[in-house]
Amino acid sequence: MARGRERELADRGRAGAAAPVSGGVQPGGVPHGCDELRAYKEALNNAAIVAKTDLRGRIVDVNRQFCLISEYCREELIGRPHSVVNSGFHDRGFFRNLWVTISKGAIWRGDICNRAKSGRHYWVDTTIVPLREPQGQVSGYLSIRFDVTDRKQAEAELVKELGRREVAEDLLRDIVEAVPSGIVTFDSDGNFQFSNRAFHELYGHAPAGKEHVQRRGSLSVPVERLPELDDLWPNLRKEDSRRLTKPSIRQLGAEQWVQINNRRSTSGNFVSVQTDISDLKRAELLIKYQAEKDALTGLSNRSALLRRLKRYAQSRQGQDKKFALMLVDLDDFKAVNDRHGHDGGDTLLQIVAQRIRASVRKVDMVARLGGDEFAILLRDVDHQRDVSKAAKGLLETLGQPARLGRRSVVPSGSIGASLFPRDGATPKELLKNADLALYQAKSAGRNRCTVYSSSMRRERQRRERLVEKLREAISRGELAVALQPQNDVRFARHHGFEALVRWKSGGRDIPPPELISAAEEAGLICEVGYQVIDKGLAALACLKRENLQPGTVAFNVSSAQLLQPEFAPRLLELMRKYGIEGADVEIEVTENVILDRSADAIALSLRELHASGISVALDDFGTGYASLIHLKRFPIDRLKIDRSFITGMLEGKNDGIIVRTIISLAHSLGFTVVAEGVETPAQYRELSNLGCDFVQGYLLAKPMNEAAAREYLAEQQGSWPSLHRDPNGAGRPF
């Protein structure tokens, strides 16, 4: 049906073409009947859309092309106003301007959107020329149009595409500007193209690179805002393009780092993405610091020391370069920590760390290994005497008084040292041997330095064998008990015994201090203590069954035992087993025990025992840091004066004053007093004169086994032994 309509319009167009548009174009005043004019008209009729209107805009004539595009036949158009094809696309002002122009006799040119009979819109490039009579007046208008619908649609699509691109570019720009990383681009020739805000903020304080930038090409931003970085600009050599893919890190300032990722696109453009990684880098440095530094003292830690030791050992292999490792351990730090609390202990560790650091050279390394143990790595040490000299100065510095709150303490330390490569070629060997030397320094009396020697390893091996034998002896019940008598000075009679551990291994008697030290080191002190209590109670029960009046038996108890929840019930169960009353048993604890950080739990255990009738004695009083508050806090019945004061009380004025003060203090608090280590009649008489309640020492008797104790008690039964009578025959005690 549409095709039929087109044929009809074509026929009508041909009919219109056969009848030329009257008053047609007369360019240049060429005569109407001229062949050339007809040729022009024919060409124009076939190529253009031609219409003629009168002065009021009514259509006078149209050609075939007009009918084809408007879908009207010629008869439908003639006599009708030209507005028959008005699409309504243009406003009134558009046509008003058009009429104003042509009414003045001027030519109007423009694009008009018309509407065909079917309602289809089409665009025409229009030129309207006034038609003049020979006399010159305008008689109508001739319009020549060309169909530009396809062009207009293409332009519209182009506008839409440009709009979409503009939106996309805006979005891309927003995205690029929102990216926190700095972005800068260059073309294939190295000319600057683009940079985002983050890039300039990143280098806001970087040195200006004006001359450098100008050599690279024209810029769309101020050159002073671009950084002077040689590796920022693209390397135009193609063989270096692979290197561009490797990220790099550059430090811009003291605390600013950027990661640079350079890429060359497939089109040849150079893109550099630079990310501020300052926070990440600071976190990395902090993690590294925390991994290598001790949080409390700021010194290097064990891990850092081991790495440095390994590096030193590897770099000095086969060379005549030596270094030394020193281990420093504070003496009696536990007592300080217990007395002043953790804050006081931490303060002391910080003071000691500062003193150690100040005592060595800057090239030497100081580390805290943990607790109260430090390490010093001395570089370029030629002789052992260099180590001894450094240790001597360090001990002198450490020995200066240190203020902890309102109190002052005098710290000291023990030092063990090993030398590379003499004492070890690996960090493990050097540490082990320095530790052996440290143990030797502590065993020798502390507050000294010992340098490793091969004999120490043999001693350590002997010690390890001793611990193993002690473990076996405990499992077989081979530990023995020695009973040392205590006498009542006031009534000149036997009072009781102190139970002491004894052990014979390999045919020799192991000294009690060595036995106790080995047991504490191996974690066997509780087992040793329980075995001594068991055998001591058994001996006491046996002596009581023979009516020998053994009195009270005292047991030394460690803090490890008192901290065991089962200690008190277990002791009471052993007492029931042997039929021993609470009044027959005494528990001795040292000052270090009541100063333990777990003193509350210890006090609770002692109170439970005290409530069962067991008395409590504070051993070695005056040698530690116990204060009156501790005497009030714990259920103390008796103070034992350390033998070091008894030994010197007749020789030095201070020791005598201390002994007198302790006795007076104890009696004022309602305590009795035991003097340990009494070995001479003069000491006995002085203690008696001072009002001491009980004495213990070789003057009375050495520690003895159960059989010897039986004989001793039999001799004591009912009379004061002749051994203890005044040689002048006065018949009274010393």
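Refer to the structure above for everything that follows.
Residues numbered from 1 in each chain as written. Predicted model: local features only at pLDDT ≥ 70, side-chain atom pairs only at ≥ 80, totals over all residues. Heavy atoms only, no water.

1. Considerations on the overall build of the protein chain
Then comes step 1: Regarding its fold elements, the protein chain presents 25 helices and 27 strands.
Then comes step 2: Each of the 734 residues in the protein chain was classed as buried or not, and the buried ones make up 45%.
Then comes step 3: Intrachain contacts of the protein chain at a sequence separation of at least 6 include 59% that bridge at least 24 residues.
Then comes step 4: For the protein chain, the accessible surface area stands at approximately 38500 Å², while carbon and sulfur atoms represent 50% of it. (Helix = DSSP H or I, 4+ residues; strand = E, 2+ residues; numbered from the N terminus. Buried < 20%, exposed > 50% of the residue type's maximum accessible area, 1.4 Å probe, protein only. Contact = heavy atoms within 4.5 Å. Areas by Shrake-Rupley, 256 points an atom, 1.4 Å probe, with all protein chains shown as cover.)

2. Focus: empty space enclosed by the protein
Then comes step 1: Going through the model one piece at a time under the given rule, you end up with 3 cavities of 30 Å³ or more.
Then comes step 2: Considered as a void within the structure, the second largest cavity measures approximately 40 Å³ in volume.
Then comes step 3: The wall of the second largest cavity is formed by Leu436, Tyr439, Gln440, Met456, Glu459, Arg460 and Arg463.
Then comes step 4: Listed by contribution, the elements that provide at least two residues to the lining of the second largest cavity are α13 (427–443) and α14 (454–476).
Then comes step 5: Considering every element that reaches the lining of the second largest cavity, the biggest residue donor is α14, with 4 residues.
Then comes step 6: Grouping the constituent residues of the lining of the second largest cavity by class yields 3 nonpolar, 1 polar and 3 charged. (1 Å grid on protein atoms, 1.4 Å probe; cavity = no way out; pocket = protein on both sides within 12 Å on 5 of 7 lines; lining within 4 Å. Points joined across faces, edges and corners; volume = space filled by probe spheres on them. Nonpolar A, V, L, I, M, F, W, Y, C, P; charged D, E, K, R; others polar.)

3. Details of the sheet that holds strand β5 (residues 138–147)
Then comes step 1: Spatially, the 5 strands line up as an open sheet ordered β2-β1-β5-β4-β3, and their pairing is antiparallel. A strand with exactly one partner marks an edge of an open sheet, and here the two such strands are β2 (59–62) and β3 (108–115). Strand-to-strand twist of the sheet, defined as the mean angle between neighbouring strand axes without regard to direction, takes the value 30°.
Then comes step 2: Bridge count between strand β1 (residues 49–53) and β5: 5 bridges; the pairing is antiparallel. In the sheet register, Lys52 faces β5, and the bridge partner there is Leu142.
Then comes step 3: Against the sheet, helix α6 (residues 149–178) contacts β3, β4 (121–132) and β5, and its axis sits at roughly 125° relative to β4. (Pairing = 2+ DSSP bridges. Axes fitted to C-alpha atoms, helices over the stretch in contact; angles between N-to-C directions.)

4. A word on the environment of Val124
Then comes step 1: Take Val124: it is sitting in strand β4.
Then comes step 2: With relative accessibility at 0%, the residue Val124 sits in the buried group.
Then comes step 3: The spatial distance from the C-alpha of Val124 to the C-alpha of Arg145 is 5.6 Å, given a sequence separation of 21 residues.
Then comes step 4: Here Val124 is in contact with Ile49, Ile69, Gly110, Asp111, Ile112, Asn114, Arg145, Phe146, Asp147 and Val148, once residues within four sequence places are set aside.

5. So, the layout of surface pockets
If you roll a probe as big as a water molecule over the atoms, it shows you where there is empty space left.
Then comes step 1: By volume, the second largest pocket amounts to about 390 Å³.
Then comes step 2: Every residue lining the second largest pocket is counted, 22 residues in all, and those nearest its centre are His82, Ser83, Phe95, Leu98 and Trp99.
Then comes step 3: Those elements giving two or more residues to the lining of the second largest pocket turn out to be β1, α5 (92–103), β3 and β5.
Then comes step 4: Looking at side-chain class alone, the lining of the second largest pocket contains 12 nonpolar, 8 polar and 2 charged residues.

6. Observations concerning unusual backbone geometry
Then comes step 1: Pro421 follows Phe420 through a cis peptide bond whose omega is 0°.
Then comes step 2: Turning to its location among the elements, Pro421 is positioned in the loop between β16 (413–420) and α13.
Then comes step 3: Residue Gln549 is not a glycine yet carries a positive backbone phi of 50°.
Then comes step 4: Here Gln549 shows up in the loop between α16 (525–545) and β22 (552–556).
Then comes step 5: Its identity is not glycine, yet Asp620 carries a phi of approximately 55°, on the positive side.
Then comes step 6: Mapped onto the elements of the fold, Asp620 is located in strand β24 (residues 615–621).
Then comes step 7: Classification of Asp620 as partly exposed rests on a relative accessible area of 24%.

7. Comments concerning the sheet that holds strand β7 (residues 192–195)
Picture the strands of a sheet paired through backbone hydrogen bonds; they go either parallel or antiparallel.
Then comes step 1: What the 5 strands build is an open sheet, ordered β7-β6-β10-β9-β8; its pairing is antiparallel. The outermost strands of the open sheet, each flanked by one partner alone, are β7 and β8 (248–253). If you compare each strand with its neighbour and ignore which way they point, the axes differ by 25° on average.
Then comes step 2: Note: strand β9 (residues 256–264) against strand β10 (residues 270–276), 7 bridges, orientation antiparallel.

8. Some details on the packing of α16 against helix α25 (residues 706–716)
For any two helices packed against each other, one specifies the crossing angle of their axes together with the interaxial distance.
Then comes step 1: Between α16 and α25, the least distance of the axes is 11 Å, while the angle of their chain directions is 35°. Every pair of crossing elements has a handedness; the one defined by α16 and α25 is right-handed. When α16 is examined against α25, the residues Ala539, Cys542 and Leu543 are found in contact with a partner set consisting of Glu706, Ala709, Arg710 and Leu713.
Then comes step 2: By residue class, the composition of the contact of α16 with α25 is 5 nonpolar, no polar and 2 charged. (Left-handed = near helix turned anticlockwise from the far one by under 90°.)

9. Thoughts on the packing of aromatic side chains
Then comes step 1: Enumeration over the complete set of coordinates arrives at 9 aromatic pairs.
Then comes step 2: A ring pair is formed by Phe94 and Phe95, whose centres lie 5.2 Å apart and whose planes are at 90°; its orientation type is edge-to-face.
Then comes step 3: The partly exposed category is assigned to Phe94, whose relative accessible area is 22%.
Then comes step 4: Put simply, the rings of Phe94, Phe95 and Trp108 pair up and form one aromatic cluster.
Then comes step 5: One residue, Lys152, lies across the ring of Trp123, its end atom 4.7 Å from the ring centre.
Then comes step 6: Here Lys702 stacks its cationic end above the ring of Tyr698, 5.4 Å away from the centre of that ring. (Phe/Tyr/Trp six-rings, centres within 6.5 Å; stacked < 30°, edge-to-face > 60°. Lys NZ or Arg CZ within 6 Å of the ring centre and 35° of its normal.)

10. Details of the pairing of strand β6 (residues 182–186)
Then comes step 1: Of all 5 residues in β6, 5 are buried; the element is thus mostly enclosed.
Then comes step 2: The alternating pattern of β6 places Gly182, Val184 and Phe186 and Ile183 and Thr185 on opposite faces, both of which are buried.
Then comes step 3: Looking at chain direction, β6 and β10 are connected through 5 bridges and run antiparallel. By the bridge assignment, Val184 is partnered in β10 with Ser272.
Then comes step 4: The pairing of β6 with β7 spans 3 bridges and is classified as antiparallel. Opposite Val184, over in β7, you have Ser195 as the bridge partner.
Then comes step 5: Taking the residues between adjacent antiparallel strands as the criterion, β6 and β7 are bridged by 5 residues, where Gly190 takes a positive phi near 90°.

11. With respect to the nonpolar core
Then comes step 1: Core analysis: the largest hydrophobic core is formed by 82 residues, its most contacted members being Leu483, Leu537, Leu571, Val589, Leu639 and Leu687.
Then comes step 2: Broken down by element, the residue count for this core peaks at 11 residues, all from α16.
Then comes step 3: Residue contacts for Leu537: discarding those within four places in its chain leaves Phe555, Leu571, Leu574, Met575, Tyr578, Ile580 and Val585. (Core = buried A, V, L, I, M, F, W, Y, C linked by side-chain atoms within 4.5 Å.)

12. Side note on the side chain of Arg355
Then comes step 1: For Arg355, the location among the structural elements is in helix α11 (residues 333–359).
Then comes step 2: Comment: no salt bridge for buried Arg355; closest opposite-charge side chain is Glu396, at 12 Å.
Then comes step 3: A polar atom in the side chain of Arg355 sits 3.2 Å from the backbone oxygen of Leu398.
Then comes step 4: Discounting chain neighbours no more than four positions away, the residues touching Arg355 are Thr397, Leu398, Gln400, Pro401, Ala402 and Pro411. (Lys, Arg positive; Asp, Glu negative; His and termini not counted. Salt bridge = Lys/Arg side-chain N within 4 Å of Asp/Glu carboxyl O. Polar contact = N/O pair within 3.5 Å; in protein donor to acceptor, adjacent residues only side chain to side chain.)

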